[in-house]
Amino acid sequence: MVKTLINLGLFQLGWLVCVLGGNLYAAAYTLLALVLHHWLVLDNRREWLLIAAAVVVGCLWDIAMAQSGVIRYDGGILAGIPPWLVCLWLLFATTFSHSLFWLRAFPWLAALMAAVFGPASYWFGSQLADAELREPLLGSLAVMAVGWGLLFPLALQLAANLKSTVRSSNEYPAQS
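Let me sum up the structure you'll find in this document. Because the structure is predicted, anything quoted here is derived from the model rather than measured. (Residues numbered from 1 in each chain as written. Predicted model: local features only at pLDDT ≥ 70, side-chain atom pairs only at ≥ 80, totals over all residues. Heavy atoms only, no water.)

### With respect to the overall build of the protein
Applied cut-off: In this description a helix means any DSSP run of H or I spanning at least four residues, a strand means any run of E spanning at least two, and both kinds are numbered starting from the N terminus. For a compact globule the rule gives 2.2 Å times the number of residues to the power 0.38, and the radius of gyration it is set against comes from C-alpha atoms. Burial here depends on accessible area, computed with a 1.4 Å probe over protein chains only, as a share of the maximum for the residue type. Under 20% is buried, over 50% is exposed, and the range in between is partly exposed. Only heavy atoms matter for contacts: two residues are in contact if any of them lie within 4.5 Å across the pair. For every accessible area listed, the method is Shrake-Rupley and the probe measures 1.4 Å; residues are considered covered only by the protein chains on display.
The number of helices and strands found in the protein is five helices and two strands. Counting from the amino terminus, helix and strand elements in the protein follow one another as α-α-β-α-α-β-α. Relative to a compact globule of 176 residues, whose C-alpha radius of gyration would be 16 Å, the protein shows 16 Å and is just as compact. Seen along its three principal axes, the alpha-carbon backbone of the protein occupies a region of about 50 × 35 × 25 Å. Residues counted as buried form 44% of the 176 residues belonging to the protein. Once local pairs closer than 6 in sequence are excluded, the contacts in the protein between residues at least 24 apart make up 74%. With the model as given, the accessible surface of the protein reaches about 9100 Å², and the carbon-plus-sulfur share is 73%.

### Some words on empty space enclosed by the protein
To keep things clear, this is the line we draw: In this analysis the probe radius is 1.4 Å and the grid spacing 1 Å, with only protein atoms considered; a cavity is a set of points the probe fits into but cannot get out of, a pocket is an open set with protein on both sides within 12 Å along at least five of seven lines, and lining residues have an atom within 4 Å of a point. Grid points are joined across faces, edges and corners, and a volume is the space filled by probe spheres set on the points. When residue character is reported, Ala, Val, Leu, Ile, Met, Phe, Trp, Tyr, Cys and Pro are called nonpolar, Asp, Glu, Lys and Arg charged, and the others, Gly included, polar.
This model, assessed by the stated rule, comprises two cavities of 30 Å³ or more. Quantified by volume, the second largest cavity comes out at close to 40 Å³. What lines the second largest cavity is simply Asn7, Leu10, Phe11, Ala33, His37, Leu91 and Thr94. Looking at which element gives the most residues to the lining of the second largest cavity, the answer is helix α1 (residues 2-41), with five residues. Here the residues of the lining of the second largest cavity are counted per class, giving four nonpolar, three polar and no charged.

### Quick word on the packing of aromatic side chains
Let me state the cut-off plainly: Stacked, tilted and edge-to-face are the three classes applied to pairs of Phe, Tyr and Trp rings, where Trp contributes its six-membered ring and a pair requires centres within 6.5 Å; stacked means planes under 30 degrees apart, edge-to-face means over 60, and tilted covers the rest.
The full count for this structure, using the stated rule, is eleven aromatic pairs. Centroid distance Trp89 to Phe92: 5.9 Å. Interplanar angle 65 degrees. Geometry classified as edge-to-face. Pair noted here: Trp89 and Phe92 are both in helix α3 (residues 83-93), with a separation of three residues, about one helical turn. Summarising the burial analysis for this pair, Trp89 and Phe92 share the class buried. A ring pair is formed by Phe92 and Phe152, whose centres lie 5.9 Å apart and whose planes are at 25 degrees; its orientation type is stacked. Of this pair, Phe92 sits in helix α3 while Phe152 sits in helix α5 (residues 137-169); the two residues are 60 residues apart in sequence, bridging distant segments of the chain.

### Quick look at the state of the cysteines
Our working definition: Cysteine sulfurs are considered disulfide-paired once they come within 2.5 Å of each other.
On inspection of all chains with the given rule, the structure shows zero disulfides. With no disulfide of its own, Cys59 lies closest to Cys87 among cysteine sulfurs, the gap being 9.3 Å. A residue is classified by how much of its surface remains accessible, and Cys59, at 10% relative accessible area, is buried.

### Details of the pattern of salt bridges
The cut-off we apply is this: Only one rule defines a salt bridge in this text: a Lys or Arg side-chain nitrogen within 4 Å of an Asp or Glu carboxyl oxygen.
Evaluated as defined, the whole model comprises two salt bridges. Between Arg72 and Asp74 there is a salt bridge, and its shortest N-O distance comes to 2.3 Å. For Arg72, a relative accessible area of 29% gives the class partly exposed. Here Arg72 and Glu132 are joined by a salt bridge, their closest N and O atoms 2.5 Å apart.

### Side note on the packing of α1 against α3
Pairs of packed helices are described in terms of their axes, by the angle between the two and the distance that separates them. Note the following rule: Here an axis means a line fitted to C-alpha atoms, over the contact stretch when the element is a helix, while the angle between two N-to-C directions is reported on a 0 to 180 degree scale. In these notes the angle categories are as follows: under 35 degrees is roughly parallel, over 145 is roughly antiparallel, 65 to 115 is roughly perpendicular, and the rest is oblique. Crossing handedness: left-handed means the near helix sits turned counterclockwise from the far one by under a right angle, and right-handed means the same turn made clockwise.
Direction vectors running N to C along α1 and α3 enclose 60 degrees, while the axes themselves pass 8 Å from each other. When the axis of α1 is compared with that of α3, the two are oblique. With respect to the hand of their crossing, α1 and α3 are arranged in left-handed fashion. Residue composition of the contact of α1 with α3, by class: 16 nonpolar, four polar and no charged.

What follows is the structure, encoded as C-alpha cells:
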C-alpha cells in the first residue's frame with residue numbers, strides 16, 4: 001500500500017510540476033521521480049520496458065493530436081509536443097504497474113475513466129500551460145476520449161502481462 005501511495009503521489013505532484021513548471025522543472029522533477037520510483041516502488045527491472053513503450057505510444061498519440069490540430073502547444077516543441085509533455089508521459093507510465101494497476105481487472109471501467117479523465121487532464125492542463133484545445137472544443141475532447149478509452153486499457157493489459165511473465169519465471173519477487 002505504501003508503494004502505491006508513493007507512486008500516486010509522485011505522479012500527481014509531477015503533473016503539477018510539468019504543467020506549471022515548464023520544461024526545465026519538468027525534466028528535473030521527472031529525473032528525481034524516476035530515481036525514487038526505481039528505489040522505492042519498482043517491482044522488477046522489466047517494468048522499464050513497459051514505461052518506454054508507453055512513452056513512445058503516448059508521445060506518438062500526442063504528436064498525432066498536435067499535427068491534426070486537436071491541440072496546439074507553444075514553445076519548446078519536439079515534433080509538435082513540448083518536452084514537459086514527454087516528462088508527463090514518463091511519470092504517467094510509472095502508474096500502470098502500481099497505483100492504477102487495480103483497473104486492469106475492470107477494462108470497461110478503465111476505458112470509461114480514461115475517456116473522461118484523459119481529456120479532462122488535457123483541458124485543465126491547457127488552462128494552466130501554453131496549450132490550446134482547438135474548436136470545436138467538444139470535437140477535440142471527443143477525439144481524445146476515444147484515444148484514451150482505447151490506449152489506457154491496453155497499457156494496463158501490458159502491465160498485467162509483464163507481471164504474470166515475471167511471476168511465472170520467478171526471476172523477481174511478487175509485488176507486496
